[in-house]
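# Results of the structural survey
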Amino acid sequence: MRYLVISDIHANLMAFQAVLQDANADWDRIWCLGDVVGYGPNPDECMDLLRQHDHLSLSGNHDWAVLGKLEIETFNGEARAAIRWTQETISDETRKYLGQLPPLIVEEPFTLAHASPRQPVWEYILDEATAAANFDFFDTAHCLVGHTHMPMLFTELNSASSRLVQPTYGKPISLRDQRLIINPGSVGQPRDSDPRAAYALLDTDRMTWEQRRVAYNIKETQERMRNHGMPFRLIARLGMGW
Ligand code: ZN
């Protein structure tokens with residue numbers, strides 16, 4: 001099977017459409033690692049577009065906050081404003097669908113978690129020590145995570161350490177003979193100083209992972225956010241990728 005692996009769409013329809021177009025028909029099923037909504041201007045549209053495709057989706061911390069499953073006070077002011085706007089905006093259908101998504105699923109030989117296998121909704125795996133600790137919390141060969149909005153791969157060296165490998169774009173790498181925690185990056189709000197949407201293609205027959213980036217119409221997403229009176233910093237950050 002070939003999977004389109006995406007995460008953190010965050011209601012950015014322009015970015016999501018660009019990813020689907022760029023990935024073309026090179027996949028059979030979508031694996032979405034959560035945070036379909038929050039931050040961006042098109043939550044219902046992104047949910048509808050995801051549901052038009054064969055997919056499996058997790059829920060993330062923003063999805064939970066929108067549903068009232070997480071304290072909104074744990075988010076910063078701007079994220080809170082976007083969550084409130086999303087709560088008032090989304091359809092009952094979107095709310096119902098989000099409500100039945102789990103934050104972690106095992107699909108051999110992968111564990112899929114929004115944030116981390118240790119804390120599926122909330123932990124940020126950004127460094128080798130945190131990654132190393134998390135290798136003990138899943139039994140499959142590999143774990144796919146989102147949440148940090150940073151494309152990253154961590155390979156397990158031994159029970160106490162891991163090594164961070166920065167992604168190479170457009171060139172498939174082999175997942176065989178190693179254990180990995182892999183983050184495809186964020187579709188709708190990249191934070192690695194590259195504003196292009198991030199995604200990956202996973203081929204489970206060949207066991208290869210290909211990291212990709214694609215430019216999208218950022219100005220259109222920003223314009224829609226402005227029209228909804230969303231916080232300035234959330235609009236500005238899309239242009240810079242932070
Ligand atoms: Zn997110």
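Since we're looking at a predicted model, the values are computed, not measured.

Definitions and cut-offs
Residues numbered from 1 in each chain as written. Predicted model: local features only at pLDDT ≥ 70, side-chain atom pairs only at ≥ 80, totals over all residues. Heavy atoms only, no water. 1 Å grid on protein atoms, 1.4 Å probe; cavity = no way out; pocket = protein on both sides within 12 Å on 5 of 7 lines; lining within 4 Å. Points joined across faces, edges and corners; volume = space filled by probe spheres on them. Nonpolar A, V, L, I, M, F, W, Y, C, P; charged D, E, K, R; others polar. Buried < 20%, exposed > 50% of the residue type's maximum accessible area, 1.4 Å probe, protein only. Helix = DSSP H or I, 4+ residues; strand = E, 2+ residues; numbered from the N terminus. Arc of directions from axis to C-beta. Contact = heavy atoms within 4.5 Å. Pairing = 2+ DSSP bridges. Axes fitted to C-alpha atoms, helices over the stretch in contact; angles between N-to-C directions. Parallel < 35°, antiparallel > 145°, perpendicular 65-115°, else oblique. Salt bridge = Lys/Arg side-chain N within 4 Å of Asp/Glu carboxyl O.

## Some points on empty space enclosed by the protein
Evaluated as defined, the whole model comprises 1 cavity of 30 Å³ or more. As a volume, the largest cavity reaches approximately 40 Å³. The wall of the largest cavity is formed by His-10, Asn-12, Tyr-39, Gly-40, Pro-41, Gly-188, Gln-189, Thr-221, Met-225, Leu-234 and Leu-238. The residue makeup of the lining of the largest cavity, split by class, is 5 nonpolar, 6 polar and no charged.

## A word on helix H7 (residues 218–227)
Residues of H7 that are buried include every one of Ile-218, Thr-221, Gln-222 and Met-225, and no others. When H7 is viewed along its axis, its buried side chains cluster within an angular range of 100° and face the same direction. Facing away from the buried side of H7 by over 90 degrees, the exposed positions are Lys-219 and Asn-227. Next to the buried residues of H7 lie helix H1 (13–23) and helix H8 (232–240). Downstream of H7 by a residue or two, Gly-229 has a phi angle that is positive, lying close to 65°.

## What about the sheet that holds strand S6 (residues 142–145)?
Pairing is mixed across the open sheet formed by 6 strands, whose spatial order is S4-S5-S6-S10-S7-S8. Each edge of the open sheet carries a strand with a single partner, namely strand S4 (104–107) and strand S8 (161–165). Strand-to-strand twist in this sheet, taken as the mean axis angle between neighbours without regard to direction, amounts to 20°. Direction of pairing for S6 relative to strand S10 (residues 180–183): parallel, over a ladder of 3 bridges. What sits directly across from Leu-144, in S10, is Ile-182.

## A few points about the packing of H7 against H8
The N-to-C vectors of H7 and H8 enclose an angle of 175°; their axes lie 9 Å apart at closest approach. Considering their axes alone, H7 and H8 lie roughly antiparallel with respect to each other. In this structure, H7 contributes Ile-218, Thr-221, Gln-222, Met-225 and Arg-226 to the contact, and H8 contributes Leu-234, Ile-235, Ala-236, Leu-238 and Gly-239. Among the residues forming the contact of H7 with H8, the class breakdown is 6 nonpolar, 3 polar and 1 charged.

## A word on the pattern of salt bridges
If the charged atoms of two oppositely charged side chains come close together, the side chains can form a pair. Within the structure shown, the criterion is met by 15 salt bridges. Between Asp-54 and Arg-29 there is a salt bridge, with its nearest N and O atoms 3.1 Å apart. Remark: Arg-29 occurs in strand S2 (residues 29–32) and Asp-54 occurs in the loop between helix H2 (43–51) and strand S3 (55–57); sequence separation between them is 25 residues. By relative accessible area, which is 44% here, Asp-54 ends up partly exposed. Its salt-bridge partner being Asp-92, residue Arg-95 comes within 3.2 Å of it at the nearest N-O pair. Note that Arg-95 and Asp-92 are positioned in helix H5 (residues 92–99) at a spacing of 3 residues, about one turn of the helix. With a relative accessible area of 30%, Arg-95 lands in the partly exposed category. Among the charged side chains, a network of salt bridges with common partners joins Asp-192, Asp-194, Arg-196 and Arg-213.

Spatial relationships are all this shows, so hold off on functional conclusions.
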